[in-house]
Amino acid sequence: MPPFRRKKASKSFPVKVCTLDAELEFNLEWRATGRDLFDLVCRTIGLRETWFFGLQFEDTKHFISWLKLDKRVQDQCVSQMPGTPFMLLCKLYPEDVAEELIQEVTQHLLFLQVKQAILSMDIYCPPEASVLLASYAVQAKYGDYDESAYKPGMLASEDLLPQRVIDQYQMTPEMWEERIKIWYADHKGMSRDEAEMEYLKIAQDLDMYGINYFAINNKKETDLYLGVTALGLNIYEKDNKLTPKTTFPWSEIKHISFDDKKFVIKFVDKAVTNFIFFSPKGMNKLILDLCIGNHDLYMRRRKPDTMEVQQMKAQAKEEKLRRQVERNKLSREKQLREAAERERAAAEQRLLQYQEEIRLANEALRRSEETAELLAEKGRVAEEEASLLAQKAADAERENARLRLSAIKTEEEKVHLERKTREAEFLTARLVEESEKRAAEAERLKAELVAAKVAEKQAKEKLINFLSRTSTGSLPPVSVEYSELVPNGAASGGVGEGFNFLSRTSTGSMAPPSSSTVPSSLFPSTCSLPAELGGEVIMNGGSPTESELNSYQLLPDDHDPHIHRLSLEIEKERVEYLAKSKHLQQQLDELRCEFSVLRVEQPAALDRLHEARARAGDDKYTTLRRLKQGSTNTRVAFYEEL
């Protein structure tokens, strides 16, 4: 056996794929192709609309590249450093998100990518639209606005607005949060997918949405930008990425090829001069790849849907209807629960009110009883005083009689006796008068006692009537018990009565109420086209030559009647959507006026360009329609003169 043995080569290698909200790790076979890896990722996350996406990576020359699906992964200049990730991103953008996006996972991935591009300022977004988009992002993350659960500063830690917008205005984080909260509260009832769709509907109208910019030169070596979009190729000046100078729709382009840095685009109309531009050497394959993908998807949109897409749309429609029924059911249950809680709160309030009335009635009864007892006590004291005075008057009468009998003994005694008699009579008269006064006072106190007892009896009758009425009301069951009025023993010589009152007892029950960061990319997210959509490379034999790999034949089917009809339908839906967004535009204009007062910095170049277009009444779609009015030859000549 040889002393040294070659180590057996590994049959697999690790791969890490990142989406904007997850990280996936796989072990791929050494001979696996890009298609194998892409299909594995799509199956893992349940993605079926694969034609929008692709796997992006940084190659060994530090260029951004898209993984080719028909070549082995190890043969595509992928860095051999461990942990080098692939990014699953949207490569080809839809023309109309509401019409083209079927799956929620597709919508969510595109939402995350567009949101990141806006926050990283790769897509220009005006301040008023930034606030509106932020409110939809909050609705998608937190759900409906709940004033009881919302806490000030809750959105302070969220990355919701581009830093460029924050720096331009003299506004505190609390002021930004307040404006976002006002819009956020208006979105009540939206589900996550509805909020994300509204976000994308607004974002797709931004001038830089869905555009891949590449630095190019024309024959005059003027620095320009080429914008590859879902609708065609746009040409921009170096200092203005918002307004294209001219455009060439995919329907006019027949063939694209490059030789080193030179790109040649041929048009369907053979009489039109070729469109030529020069690009950096490292970008030519990327430009060609994006042109092929966008052109094929452009033609596919204008043909009837395949059986697979029809099935996906039918399934998505059924799922959406099912979720809508569930949301409606939950909404009705929530409304019923809120109504029951309001009724219970009202019943509790009425119960507290009745309890307070009973407490006040008991308090009044207690005070009446105390007053009656006090009057009875005063009556007994008055009777005792009257009895004592009567006894003193009797004693005085007896003394007077004795003095009269002894008056006959002597004259002196008689005189003395007369004097004594007069004195006794005077004293007797005073005592009789005092006795009469005391008797009158006793009679008056007796009358007051009788009146107090009558008032007490009336108060008891009113209380019993009130309790009887309360027990038959709409309150939860309340049992009230009262004792009989039990007379107390009267004091000797007294005339008052006492009684005991048992407070009511209530029973009832009420149920208590029931609360891997990913770096941003300058290029849109990748997407893979189905095999039937792949561009046909011009072949002159068994294997293509290098020059043949650098060109692509774009042959639009001019005889297909569906293309013209679908184009008209898309334009009609676009006009309807613009009409529906008129109210939203008015709100954005009001917010723009409010922000203009708080601006502290001079607007940047893109802000000035956007404001000038807004004053002129131009937008993304009116500009493209105006640029397409001239002939193709005129637009090519205009480009050459830039």
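Residues numbered from 1 in each chain as written. Predicted model: local features only at pLDDT ≥ 70, side-chain atom pairs only at ≥ 80, totals over all residues. Heavy atoms only, no water.

Enquirer: Just checking my understanding: could you explain the overall build of the protein for this structure?
Expert: For the protein, the helix and strand inventory stands at 16 helices and 13 strands. Here the protein displays about 37200 Å² of accessible surface, and carbon together with sulfur accounts for 54% of that area. (Helix = DSSP H or I, 4+ residues; strand = E, 2+ residues; numbered from the N terminus. Areas by Shrake-Rupley, 256 points an atom, 1.4 Å probe, with all protein chains shown as cover.)

Enquirer: How should I be thinking about the pattern of salt bridges in this particular structure?
Expert: Any two side chains of opposite charge can pair, given that their charged atoms come close. A full pass over the atoms with the stated rule returns 36 salt bridges. R302 is the salt-bridge partner of E95, the closest N and O atoms lying 2.9 Å from each other. Residue E95 is located in the loop between strand 5 (85-90) and helix 2 (97-100), and its partner R302 is located in the loop between helix 8 (284-301) and helix 9 (307-406); the two are separated by 207 residues in the primary sequence. Of the two residues, E95 and R302, neither departs from the other in class, the shared state being buried. When the shortest N-O distance is used, the salt bridge between D607 and R164 registers 3.1 Å. A relative accessible area of 17% places R164 in the buried class. (Salt bridge = Lys/Arg side-chain N within 4 Å of Asp/Glu carboxyl O. Buried < 20%, exposed > 50% of the residue type's maximum accessible area, 1.4 Å probe, protein only.)

Enquirer: Whenever I open this one, the pairing of strand 2 (residues 23-29) confuses me. Can you help?
Expert: Within a regular strand, side chains alternate between the sheet's two faces. Here strand 2 shows one buried face, formed by L24, F26 and L28, and one open face, formed by E23, E25, N27 and E29. Between strand 1 (residues 12-18) and strand 2, which pair antiparallel one after the other, the connecting turn spans 4 residues. (Pairing = 2+ DSSP bridges.)

Enquirer: Where do I start with the sheet that holds strand 2 in this structure?
Expert: Pairing between the strands of a sheet is mediated by backbone hydrogen bonds and can be parallel or antiparallel. Ordered in space as 2-1-5-3-4, the 5 strands form an open sheet in which the pairing is mixed. Both edges of this open sheet fall to strand 2 and strand 4 (64-66), since each of them pairs with a single strand only. Neighbour to neighbour, the strand axes of the sheet diverge by 35° on average, direction disregarded. The pairing of strand 3 (residues 53-58) with strand 4 spans 3 bridges and is antiparallel. Directly across from F57, in strand 4, lies its bridge partner S65. Together, strand 1, strand 2, strand 3 and strand 5 form the strand contacts of helix 1 (residues 34-45), whose direction differs from that of strand 2 by roughly 140°. (Axes fitted to C-alpha atoms, helices over the stretch in contact; angles between N-to-C directions. Contact = heavy atoms within 4.5 Å.)

Enquirer: Looking at this structure, I do not really get the packing of helix 4 (residues 127-142) against helix 7 (residues 192-203). What am I missing?
Expert: To characterise two packed helices, one gives the angle between the axes of the helices and the distance between these axes. Across the interface, helix 4 lies against helix 7 with an axial gap of 8 Å and an inter-helix angle of 160°. Here helix 4 lies roughly antiparallel to helix 7, going by the angle between them. The handedness of the crossing between helix 4 and helix 7 is left-handed. Of helix 7, the residues touching helix 4 (which contributes L132, L133, Y136, A137, Q139 and A140) are R192, A195, E196, E198, Y199, I202 and A203. Its residues assigned to classes, the contact of helix 4 with helix 7 comprises 9 nonpolar, 1 polar and 3 charged. (Parallel < 35°, antiparallel > 145°, perpendicular 65-115°, else oblique. Left-handed = near helix turned anticlockwise from the far one by under 90°. Nonpolar A, V, L, I, M, F, W, Y, C, P; charged D, E, K, R; others polar.)

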